[in-house]
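An overview of the molecular structure
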Amino acid sequence: MLKKGRIFTFFAIVMAMLILFGFTLKPIAEDIKLGLDLQGGFEVLYQVEPAEKGQVIDDEAMKATVSALDKRVNALGVNEPNITIEENNQIRVQLAGVTDQEKAREILSTEANLTFRDYQDNVVLDGQDLVEGGASVGINNKNQYEIRLELKDADKFGQVTSQIAALAPNNQMITWLDFEEGVDSYAAEKTKATPKFISDPFVAETINSDTATISGNFTKESAEDLADILNAGALPVKLTDIYSTSVGAQFGEQALHETVLAGIIALLLVFAFMIYFYRFPGVLAAITLSAYCYFMILIFEKINGVLTLPGIAALILGIGIAVDANIISDERIKDELKKGRSVKAAFKEGNKNSLSTIIDAHVTTFIVGVVLFIFGTSSVKGFATMLIISIIVGFCTAVFGTRAIMALWVRSNFLDKRLGWWNVKEKDVMKLKDVKNDLDIPTRFDRLDFIKHGRKFFTASAIVTVVGIVALLLVGLNTSIDFSSGSRIQVNADNKLEISEVEKKFDDMGLKVEDAVYAGGDHKSVIVRTKGVLSKEEVNKLTAELDDTYGQNPNISTVSPTVGKALAQNAFKAVLFASIGIVVYVTLRFEWRMAIAAIISLLHDAFFIVTVFSITRLEVDVTFIAAVLTIIGYSINDTIVTFDRIRENMHKLGRVRTKDDISRIANISIRQTLKRSINTVVTVILTVLAMLIFGSHAIFNFNFALLVGLVIGMYSSVLIAVPTWVFFKKREFDKRGPFKTVKERRSEEGTV
């Protein structure tokens, strides 16, 4: 009997979702903070050092520095800056949406130690004599801008001016900002066209006043900037740039639009794929995937996350994880329907059999996400955060959401006798009473013997490994400045650029180009690398020159050798600890032989990607590490699904009597899960292809690494990991002889 109430409930839920999405999605999306790679801005990592001998850099000094920087950022009018204390006495400042990056750099890094000195460089007044926040801009009787300072003690100012006046004809009071003892001097600077001091007026008489003025060749903007710096207060420490990156606003906006478009196209492709291959369950998967995207955006907004290009990539790739859970469940339900079970029985049994597989696959990928978060830099942390959230949300929507709405249809009895809605053909359905053993159920891959040809696959992989080693020894990797240190400038323009012209432009500015290549196929961006770290002044000059010439701000990154070394160490740690975590988990959930086989497969995948990048000379940057670890996550996901089926089939076998039983179980398990493996990888490849074709070229290398890695990951999961396990298992058989499975041992113990 048809239960229409359940179908009505389904449509009511879908309608409620559409209303919720329609009224809340846009406001939520607009509230999400965008990273500097999506709206322009800059990021700088400072090394905090003592401002004077004997100063201790402790927690209080770090907090005071953050407070001083925060005041300066407020003067810039930046919304929601991100200032964080990191290990090794480092402070990272991220200012997204900053339009005048030169001004921002100047205000942030200026120590703001204001001193008034005589002509012999003796200090007569300093910042301690000024009222906090008492600097303001005014106009003098010559219609010139000046800075007015409130003094704490008018009598002291009178005494100082009296002493200076007595020094005539050298009765100047020189105003200095960030005077360097032993380096700067009035005698040396006064003859220069642009001296370092601010002003050097003559003092002819005693001035009894609680206000001092600084005059000079100020514009309104420069006077306001200096007043803001003085009001923010002097920095309690010395700051040295060890890493910085900047992105032009126009470039960031373009990257955002391109990536969002790629995301929408990717989602529609996945929807079409799921509906075509899984029919009605595919429609339900599309509904829960829409819910997945909504909740991802909602949660990210609620945790006040900063969305970056790698973060969007993680969001889109998370679709693949969510789809995988749907595919695993749908395939198991179809298997049960083909055995001849009723729709209700197949739904129950299929969900039960798939749950442990889904959990194991998600946990191993979650381990990779956590490791990335711990050892990653700011952009990689954003990627890891989004990946972790996507794993949790994807699990909830796929397992609970899809099953809940599918249960409404199953229990309504509408799907009874409608096997076509599950993409199951009547001719493929067996009679349940004839199914004596699940191991004998036919698949479309029964003619393929994967284990028999294991040595051929090992040989092929060994050849690739040797080629990779030779490539690395001969040409190495084309490492970005993230690891090798130096400066990277991405010159952006509205029209096509010629590399030779760009190189000449740099030569005219006195900068030696080490390497210059196009970024993207439109030839409107050129990436230039130079040796050495550009100074703040060089960055400002370069930005202004390139903006004037090409009409767009360049993207500039500088990395010191210290930071490059730390990034390389963290990358190694990330791969190491991710591998250890996976080994431990797989050993606990399965057995150590599967864990070792999985790690061999993962190392195979990682080294293959390194080989491809070495041969193609594509740049290896910090996001490359995120790509490699993501590939490891997907590869272990695929491997776990196959191993889970092997474990299940071993239990059903009862007893391993010959070594051929091991090969047989491995082959059967691969055949049973191969369709799921192919479909899962195809859905993720669809998203990656959309990102490659329509997304921002800023993460082209990231997406290319994923594309190659996903294909090789499926290959290694089936043709490297499983044959490796078979090898170890047969060696166990040689030592033990025939052995019982877990199921049979439990039966004898009375637990089953």
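1. Re the overall build of the protein chain
Of the regular secondary structure elements, the protein chain holds 22 helices and 20 strands. Seen along its three principal axes, the alpha-carbon backbone of the protein chain occupies a region of about 115 × 65 × 55 Å. In the protein chain, which comprises 752 residues, the proportion classed as buried is 53%. Only carbon and sulfur atoms are counted for the fraction: they give 57% of the accessible area of the protein chain, which is about 34,300 Å². Between the centroid of the 81 positive side chains of the protein chain and the centroid of its 86 negative side chains there is a distance of 18 Å.

2. Some thoughts on the sheet that holds strand 3 (residues 82–86)
If you walk across this open sheet you meet the eight strands as 3-4-2-11-17-14-16-15, and the pairing is antiparallel. Either end of the sheet is taken by a strand with one partner, and the two such strands are strand 3 and strand 15 (515–518). Across the sheet, the mean angle separating the axes of adjacent strands is 20 degrees when strand polarity is ignored. Bridge count for strand 15 against strand 16 (residues 525–530) is four bridges, and the pairing is antiparallel. When the sheet's bridge partners are listed, D515 is paired in strand 16 with R529.

3. So, the environment of D360
Among the secondary structure elements, D360 is positioned in helix 11 (residues 343–375). Take D360: its relative accessible area is 0%, and that puts it in the buried class. Discounting residues that sit within four places of it in the chain, D360 has contacts with Y585, R589, F590, I640, D644 and R647. Only 2.7 Å separates the side chain of D360 from the side chain of Y585, close enough to count as a polar contact.

4. Here's the deal with the confidence of the model for the protein chain
For the protein chain, per-residue confidence averages 82 on the pLDDT scale, and residues scoring 70 or more make up 94% of the total. Of all the helices and strands in the protein chain, helix 22 (residues 742–748) carries the lowest mean pLDDT, 44, while helix 9 (residues 280–302) carries the highest, 90. Here residues 743–752 is a poorly scored stretch, pLDDT under 50, and it has eight contacts once near neighbours within four places are set aside; other chains count.

5. Overview of helix 11
Taking 1.5 Å per residue as the helical rise, helix 11 with its 33 residues ought to reach 48 Å, and the 47 Å between its terminal C-alpha atoms agrees with that figure. At S354, helix 11 shows its maximal kink, close to 30 degrees.

6. Section: the packing of helix 13 (residues 454–474) against helix 21 (residues 700–736)
Contact geometry for helix 13 and helix 21: axes closest at 10 Å, N-to-C directions at 115 degrees. Every pair of crossing elements has a handedness; the one defined by helix 13 and helix 21 is left-handed. The segment helix 13 lies against helix 21, with G454, F457, F458, A460 and S461 engaging Y715, L719, I720, P723 and T724. A class-by-class count of the residues in the contact of helix 13 with helix 21 yields seven nonpolar, three polar and no charged.

7. Concerning the packing of helix 20 (residues 659–694) against helix 21
Following both chains from N to C, one finds helix 20 and helix 21 inclined at 175 degrees, their axes separated by 10 Å at the closest point. Comparing their axes, helix 21 and helix 20 come out roughly antiparallel. Across the contact of helix 20 with helix 21, the residue classes tally to 24 nonpolar, three polar and four charged.

8. Brief notes about the pairing of strand 3
In this sheet, strand 4 (residues 90–96) lies alongside strand 3 in antiparallel orientation, the contact comprising five bridges. Paired with I83 across the two strands is V93, which belongs to strand 4. The hairpin turn running from strand 3 into strand 4, its antiparallel successor, is three residues long, and N88 in that turn takes a positive phi close to 65 degrees.

9. Brief notes about the packing of aromatic side chains
As enumerated under the stated definition, the model contains 20 aromatic pairs in all. Between the aromatic rings of F414 and W421, the centroid separation amounts to 5.1 Å while the plane-to-plane angle is 75 degrees, which identifies the pairing as edge-to-face. By relative accessible area, which is 18% here, F414 ends up buried. An aromatic cluster of at least three residues, connected via ring pairs, comprises F10, F11, F280, W409, F414 and W421. A cation over an aromatic ring shows up here: R279 above the ring of Y276, its NZ or CZ 5.8 Å from the ring centre. The ring of F414 has R418 sitting right over it, with the charged end atom 4.0 Å from the ring centre.

10. Brief notes about the nonpolar core
In terms of nonpolar packing, the biggest core is built from 113 residues, with I319, F624, F643 and W725 touching the most fellow members. The greatest single-element share of this core, amounting to 16 residues, is contributed by helix 19 (residues 622–653). Setting aside chain neighbours within four positions, we find W725 in contact with E591, R593, M594, A597, F643, I646, M650, I662 and A666. Grouped together as the second largest cluster of nonpolar side chains are 27 residues, F10, A407, V410 and F414 included.

11. Considerations on the sheet that holds strand 7 (residues 130–139)
The strand order across the open sheet built from three strands is 7-8-10, with neighbouring strands paired in antiparallel fashion. The open sheet has two free edges, formed respectively by strand 7 and strand 10 (211–215), since each of these has just one partner strand. Ignoring which end each strand starts from, the neighbouring axes of this sheet average 25 degrees apart. Pairing analysis gives six bridges linking strand 7 to strand 8 (residues 145–151), with the strands arranged antiparallel. Among the inter-strand pairings, L130 is bridged to a residue of strand 8, identified as L151. Together, strand 7 and strand 8 form the strand contacts of helix 7 (residues 220–232), whose direction differs from that of strand 7 by roughly 175 degrees.

12. Observations regarding a positive patch on the surface
Residues K3, R6, K344 and R411 make up a contiguous surface patch of positive charge. Mapped onto the elements, R6 comes out in helix 1 (residues 4–31).

13. Thoughts on the side chain of E43
Checked against the element boundaries, E43 lands in strand 2 (residues 41–49). Side chain to side chain, E43 and R92 meet in a polar contact 2.5 Å long. In this structure the side chain of E43 is engaged in a polar contact, spanning 3.4 Å, whose partner is the side chain of Q94.

14. So, helix 20
With 36 residues, helix 20 should reach 52 Å at 1.5 Å per residue; the first-to-last C-alpha distance of 50 Å fits that figure. A bend of about 45 degrees at T673 is the largest found in helix 20. Taking burial as the measure, the 36 residues of helix 20 include 28 buried ones, the bulk of the element.

15. Digging into the pattern of salt bridges
Pairing of side chains with opposite charge becomes possible as their charged atoms draw close. With the rule as written, the count across this model stands at 30 salt bridges. Residue E181 pairs with R117 through a salt bridge whose shortest N-O separation is 3.3 Å. Here E181 is found in the loop between strand 9 (174–177) and helix 6 (186–189), whereas its partner R117 is found in strand 5 (residues 114–117), with 64 residues between them in sequence. With a shortest N-O distance of 2.8 Å, D129 and K156 are connected by a salt bridge. Taken as a pair, D129 in the loop between strand 6 (123–126) and strand 7 and K156 in helix 5 (residues 154–165) lie far apart in primary sequence, 27 residues in all. Among the residues examined, D129 registers a relative accessible area of 14% and is labelled buried. Through salt bridges with shared partners, a single network forms among E591, R593, K729, E732 and R736.

Rules used throughout
Residues numbered from 1 in each chain as written. Predicted model: local features only at pLDDT ≥ 70, side-chain atom pairs only at ≥ 80, totals over all residues. Heavy atoms only, no water. Helix = DSSP H or I, 4+ residues; strand = E, 2+ residues; numbered from the N terminus. Buried < 20%, exposed > 50% of the residue type's maximum accessible area, 1.4 Å probe, protein only. Areas by Shrake-Rupley, 256 points an atom, 1.4 Å probe, with all protein chains shown as cover. Lys, Arg positive; Asp, Glu negative; His and termini not counted. Charge placed at Lys NZ, Arg CZ, Asp CG, Glu CD. Pairing = 2+ DSSP bridges. Axes fitted to C-alpha atoms, helices over the stretch in contact; angles between N-to-C directions. Contact = heavy atoms within 4.5 Å. Polar contact = N/O pair within 3.5 Å; in protein donor to acceptor, adjacent residues only side chain to side chain. pLDDT = per-residue confidence, 0-100. Expected span 1.5 Å × (residues − 1). Bend = angle between axes of the 7 residues up to and from the residue. Left-handed = near helix turned anticlockwise from the far one by under 90°. Nonpolar A, V, L, I, M, F, W, Y, C, P; charged D, E, K, R; others polar. Parallel < 35°, antiparallel > 145°, perpendicular 65-115°, else oblique. Phe/Tyr/Trp six-rings, centres within 6.5 Å; stacked < 30°, edge-to-face > 60°. Lys NZ or Arg CZ within 6 Å of the ring centre and 35° of its normal. Core = buried A, V, L, I, M, F, W, Y, C linked by side-chain atoms within 4.5 Å. Patch = residues over 30% accessible without salt bridge, like charges linked within 9 Å, V, L, I, M, F, W, Y side chains within 5 Å. Salt bridge = Lys/Arg side-chain N within 4 Å of Asp/Glu carboxyl O.

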